[in-house]
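# A look at the structure
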Amino acid sequence: MRRIDLKKAQTAHLATIRDINRQIVLNYVREREPISRAEIARESALQRSTVSAIIDDLQNEGLVEEIGEGESTGGRPPTLLRLRTAGPIAIGVAVTPTLTHIATSDLAGRVLKQTQFPTESDPDATFGRVIESIKDFLNQTGESVESIGVSLPGLVDPSNGTAIYVPYFQWRDLPVGNIISSATNLPVTLDNDANAAALAELWFGRPEVSDARDFIFVLVSAGVGTGIVFDGQVYRGERGAAGEFGHMIIGTNAPVACSCGNLDCWEAFASGRAALERYRKLARRPDNDAVTFKELVDLALVGEVNANTALRDTALCLGIGISNLIVGFSPEAVVVGGEIARAWHLVEDALKGTIEHSIRRGLPSARILPSTLGENPPLMGALSLVLASKFAAAAAA
Ligand SMILES: [Zn+2]
């Protein structure tokens, strides 16, 4: 359950209080369904009449539905409520350096249909196929989809839906939001993959993370990206450019070049591409041998020694960057997502060891946790760009 800071709420103006109350009620339904109006009122300490008015609104908007009666505790049996998850409400598009994933989901973030294809560096080709796939989904699902969320592996300006710079494909100032929106007639929300994944963790992740006011999501994929959650919100910075810690300098002569071209960035030491290069060297596999990071993690999981070593060495470098972030931000938690989260028991010691070693005793230590978003945080992130706005106070106004 997201914690709402009631002290702050009391000083906010009335419209904001209404939005926060709405957020509280909708989250009680989401987390505790089936639940009655009286239970929500009792547990949230909101007035019964306030809860009833909010539930009426949510029913009218098709977000909440009644599912019959619960057990009576004396008087009339209470009517139970749940999220209305009958059909797809969101489409998520995750463009990654290798594959582009497209999926529909219901209001609770459950993926209903999914497809993927190799990402092409020609944006017309990639977004042409994205639009084709979205239209296929819309033809199958009818009118219920309300909005599209898109996550990209680069610098994104969410305020105007523009990809400012995607290094893998050299895309610059590409109006992705407009391209998809004008072809589908649906609103499009765009964000950086790690920011979107942080948002997904905030709304759909484990309670110990979504309860945290401040945490950092570290997305380990072909690159390394970070999403910063500050005071329960994704911190985006000027033009959405915050969180580019993949390019902080942590050493020299990395195993691979960073997506920006440099050999001293964190990403060049700690990304999936860095792990793959270490593995190729250890296993004496040729450069053109097309093993993927996913396959490397699979090999490590079945005990292949070189894959295991490559992954641990990469985790050591990941730990260096994370300890820098902890020293600077002192977050409650750091969440690591991407394929590496599947092999948590293999990398946990290396990761935590580096962090403990580099942080001086007495300084606050954050919990380091694997993401629970599954193997595709950027896709869950893309869906969350749509879904979170249904729950979030700011977008409800
Ligand atoms: Zn870089």
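Please refer to the structure placed before this passage.
Definitions and limits used
- Residues numbered from 1 in each chain as written.
- Predicted model: local features only at pLDDT ≥ 70, side-chain atom pairs only at ≥ 80, totals over all residues.
- Heavy atoms only, no water.
- Salt bridge = Lys/Arg side-chain N within 4 Å of Asp/Glu carboxyl O.
- Helix = DSSP H or I, 4+ residues; strand = E, 2+ residues; numbered from the N terminus.
- Buried < 20%, exposed > 50% of the residue type's maximum accessible area, 1.4 Å probe, protein only.
- Contact = heavy atoms within 4.5 Å.
- Polar contact = N/O pair within 3.5 Å; in protein donor to acceptor, adjacent residues only side chain to side chain.
- Donors = N, O, S within 2.8 Å, 3.2 Å for Na, K, Ca; no water.
- Tetrahedral: all angles 85-135°; square planar, octahedral: opposite > 155°, others 65-115°.
- Pairing = 2+ DSSP bridges.
- Phe/Tyr/Trp six-rings, centres within 6.5 Å; stacked < 30°, edge-to-face > 60°.

### Quick look at the pattern of salt bridges
Considering all chains together, one arrives at 14 salt bridges under this definition. Where Asp191 meets Arg236, a salt bridge forms, and the shortest distance between an N and an O atom there is 2.4 Å. Residue Asp191 is located in strand 11 (residues 188-192), and its partner Arg236 is located in the loop between strand 14 (233-235) and helix 9 (266-270); the two are separated by 45 residues in the primary sequence. The exposure class of Arg236 is partly exposed, given its relative accessible area of 25%. Salt-bridge contacts for Glu277 lead to Lys281; the nearest nitrogen and oxygen are separated by 3.7 Å. On the criterion of helical spacing, the pair formed by Glu277 and Lys281 is a turn pair, its members being four residues apart in helix 10 (residues 272-282). Glu277 sits in the buried class, given a relative accessible area of 16%. Salt bridges sharing common partners tie together Glu277, Arg280 and Lys281.

### Looking at the environment of Asp264
With respect to the helices and strands, the residue Asp264 is situated in the loop between strand 14 and helix 9. Residue classification places Asp264 among the partly exposed positions, given a relative accessible area of 23%. Distance in space between the C-alpha atoms of Asp264 and Asn253 is 6.3 Å, their sequence separation being eleven residues. Non-local contacts of Asp264, meaning those with residues more than four positions away in its chain, are made with Met248, Ile249, Ile250, Gly251, Thr252 and Phe269.

### A word on the side chain of Ser151
Structurally, Ser151 is set in strand 7 (residues 147-152). Polar side-chain contacts of Ser151 include one of 3.0 Å to the backbone oxygen of Pro378. Among all residues touching Ser151, those that are not within four sequence positions of it are Val93, Ala94, Val95, Asp191, Asp193, Ala196, Pro378 and Ala382.

### Focus on the coordination of the zinc ion
Coordination of the zinc ion by the protein is provided by His247 (ND1), Cys258 (SG), Cys260 (SG) and Cys265 (SG), with metal-donor distances spanning 2.0 to 2.3 Å. Taken together, the four donor atoms coordinating the zinc ion and their angles of 98 to 124° define a geometry best described as tetrahedral. Site description for the zinc ion: donor spacing in sequence, H-x10-C-x1-C-x4-C. Here Cys258 falls in the buried class, since its relative accessible area comes to 4%. Given the relative accessible area of 37%, Cys260 is considered partly exposed.

### A word on the pairing of strand 4 (residues 90-95)
Buried residues dominate strand 4, accounting for six of its six residues. Both faces of strand 4 are covered, namely the face carrying Ala90, Gly92 and Ala94 and the face carrying Ile91, Val93 and Val95. Examined bridge by bridge, strand 4 and strand 5 (residues 99-105) share six bridges and lie antiparallel to one another. Opposite Ala90, over in strand 5, you have Ser105 as the bridge partner. Taking the residues between adjacent antiparallel strands as the criterion, strand 4 and strand 5 are bridged by three residues. In this structure, strand 4 lies alongside strand 7, joined through five bridges in parallel fashion. Bridge pairing links Ala90 to Ser147 in strand 7.

### What about the packing of aromatic side chains?
Taken as a whole and judged by the stated rule, the model has four aromatic pairs. Here Phe127 and Trp171 contribute two aromatic rings whose centre-to-centre distance is 5.4 Å and whose plane-to-plane angle is 50°, an arrangement assigned as tilted. Taken together, the residues Phe127 in helix 5 (residues 123-141) and Trp171 in strand 10 (residues 171-174) connect sequence positions 44 residues apart. By the burial criterion, Phe127 is buried, and Trp171 matches it.

### A closer look at the sheet that holds strand 2 (residues 64-69)
Pairing in this open sheet of three strands is antiparallel, and the strands run 1-3-2 from one edge to the other. Edge positions in the sheet fall to strand 1 (35-36) and strand 2, since each has one partner strand and no second. As paired elements, strand 1 and strand 3 (residues 79-83) share two bridges and run antiparallel to each other. Following the sheet pairing, Ile35 is matched in strand 3 by Leu81.

### Re unusual backbone geometry
Note that the residue after Glu33, namely Pro34, is joined by a cis bond; omega there is -5°. With respect to the helices and strands, Pro34 occurs in the loop between helix 2 (14-32) and strand 1. Unlike most non-glycine residues, Ala45 shows phi in positive territory, near 65°. Within the element layout of this structure, Ala45 appears in the loop between helix 3 (37-44) and helix 4 (48-60).

### Topic: the pairing of strand 9 (residues 162-166)
Within strand 9, four of the five residues are buried, which leaves it mostly tucked inside the rest of the structure. Both strand 8 (residues 155-157) and strand 9 contribute to a ladder of three bridges, which runs antiparallel. Counted as the bridge partner of Asp157 is Thr162 from strand 9. Taken together, strand 8 and the strand that follows it, strand 9, pair antiparallel across an intervening segment of four residues, in which Gly161 is found at a positive phi of about 65°. Relative to strand 10, strand 9 runs antiparallel, the two being bridged by three bridges. Paired with Tyr165 across the strands is Arg172, a residue of strand 10.

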